[in-house]
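Summary of structural features
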Amino acid sequence: HLWGPRPGPAEITWLWQRAKTASAGEKLIWLDHLRNGGAGKEVAAYLLAQNLVRDPEGRTLYQEILVHERDKTALRTSLDLGLDGGAAKDDLLRWLRQALSMELYPEALRIADRVLAGNPDQTEALLRRGVIGFELGMLKEANESFERLGRAAPADLAGVDPWDLVRARYYQGALLEK
């Protein structure tokens, strides 16, 4: 546990009591404490049972647990349900990173395309779409995404991790070898 010893059973019980009796605004904070205390699977089940995944913050916590637990099936289902509803750009980008971290490339492609439909020059989505294309063998599409990313204005790249840009150049170089 990051901040000291993991909570014992008595502390976990205490956290559950707080979570279950908390106001709507505080409930997810207590559930996050429980997740950090090692009760991730139980928190995920509770979020589903209480239908807290409808709330964007609840869905975020739920999906973070699924990524931590490496539950591809449940994450795929959650992403599909999220894509069927309206989602903010920040949520879509977070889902895109989650899908990629779990190698759910078809879902990641759908999410990247959704982001790019709203903003064709969104740099993170272009970068991730290039990686997805490379991994799926869609080499022409991958190269097009990397080329568009390369034409982005420096100010548009400000929020992109520099190591991700290095990786994009690596992938682009690997495309030239194929």
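These lines cover the structure that appears in this document, whether it is placed above or below. (Residues numbered from 1 in each chain as written. Predicted model: local features only at pLDDT ≥ 70, side-chain atom pairs only at ≥ 80, totals over all residues. Heavy atoms only, no water.)

1. A look at the pattern of salt bridges
This is how the line gets drawn: Whenever Lys or Arg places a side-chain nitrogen within 4 Å of a carboxyl oxygen from Asp or Glu, that contact is recorded as a salt bridge. To qualify as a helix, a DSSP run of H or I must reach at least 4 residues; to qualify as a strand, a run of E must reach at least 2; elements of each kind are numbered from the N terminus. Accessibility here uses a 1.4 Å probe with only protein chains present; expressed as a share of the type maximum, an area under 20% marks a residue as buried, one over 50% as exposed, and anything in between as partly exposed.
If you walk through the whole model with that rule in mind, you get 11 salt bridges. With a shortest N-O distance of 2.5 Å, Asp113 and Arg129 are connected by a salt bridge. Pair noted here: Asp113 is in helix α7 (residues 105-118) and Arg129 is in helix α8 (residues 123-136), with a separation of 16 residues, a long-range link. A salt bridge links Arg167 to Asp164; the shortest N-O distance between them is 2.3 Å. Of this pair, Arg167 and Asp164 both sit in helix α10 (residues 162-177), 3 residues apart, roughly one helical turn. Taking the relative accessible area as the measure of exposure, Arg167 reaches 42% and is therefore partly exposed.

2. Remarks on the packing of aromatic side chains
Selection rule: Any pair of Phe, Tyr and Trp rings, taking the six-membered ring for Trp, is counted once the centres come within 6.5 Å. Such a pair is stacked with planes under 30 degrees apart, edge-to-face with planes over 60 apart, and tilted for the rest.
Inspection of every chain in the model, using the stated rule, returns 5 aromatic pairs. On the numbers, 5.4 Å between centres and 70 degrees between planes, the contact of Trp16 with Tyr46 is edge-to-face. Highlighted residues: Trp16 in helix α1 (residues 9-21) and Tyr46 in helix α3 (residues 40-49), separated in sequence by 30 residues. In this structure Trp16 comes out as buried when scored by relative accessible area, which is 16%. You can call Tyr46 buried: its relative accessible area is 13%. Note on Tyr170 and Tyr171: the rings are 5.8 Å apart at their centroids and 65 degrees apart in plane angle, and the pair reads as edge-to-face. Accessibility expressed as a relative area gives 60% for Tyr170, which makes it exposed. Owing to a relative accessible area of 14%, Tyr171 belongs among the buried residues under this scheme. Ring-pair connections join several aromatic residues into one group, and the members of that group are Phe134, Phe146, Tyr170 and Tyr171.

3. Let's talk about the packing of helix α6 (residues 89-101) against α8
Working note: a packed helix pair is described by the angle between its axes plus the distance between those axes. Note the threshold: Note on geometry: axes are lines fitted to C-alpha atoms, helical ones only across the stretch in contact, with angles between N-to-C directions running from 0 to 180 degrees. Any angle that falls under 35 degrees is termed roughly parallel, while one over 145 is termed roughly antiparallel, one within 65 to 115 roughly perpendicular, and all others oblique. By the definition used in this description, the sense in which the near helix is turned from the far one sets the handedness, with an anticlockwise turn below a right angle giving left-handed and a clockwise turn giving right-handed. It only takes one pair of heavy atoms within 4.5 Å for two residues to be counted as in contact. Think of it as three bins: nonpolar holds Ala, Val, Leu, Ile, Met, Phe, Trp, Tyr, Cys and Pro, charged holds Asp, Glu, Lys and Arg, and polar takes everything else, Gly as well.
Contact geometry of α6 with α8 gives a least axis separation of 11 Å together with a crossing angle of 20 degrees. Considered as vectors, α6 and α8 are oriented roughly parallel to each other. Between α6 and α8 lies a crossing whose hand is left-handed. Where α6 approaches α8, its residues Leu93, Leu96, Arg97 and Leu100 are matched on the opposing element by Glu124, Ala125, Arg128 and Ile132. Here the contact of α6 with α8 is built from residues that sort into 5 nonpolar, no polar and 3 charged.

4. So, the nonpolar core
Keep this limit in mind: The criterion is simple. A nonpolar core is a set of buried Ala, Val, Leu, Ile, Met, Phe, Trp, Tyr and Cys residues joined through side-chain atoms within 4.5 Å.
Core analysis: the biggest nonpolar cluster contains 51 residues, and Leu31, Leu34, Val43 and Leu47 have the highest contact counts within it. Among the elements that take part in this core, α7 stands out by supplying 7 residues, more than any other. If near-sequence neighbours (up to four positions away) are discounted, Val43 is found in contact with Trp16, Leu31, Leu34, Arg35, Leu61 and Ile65.

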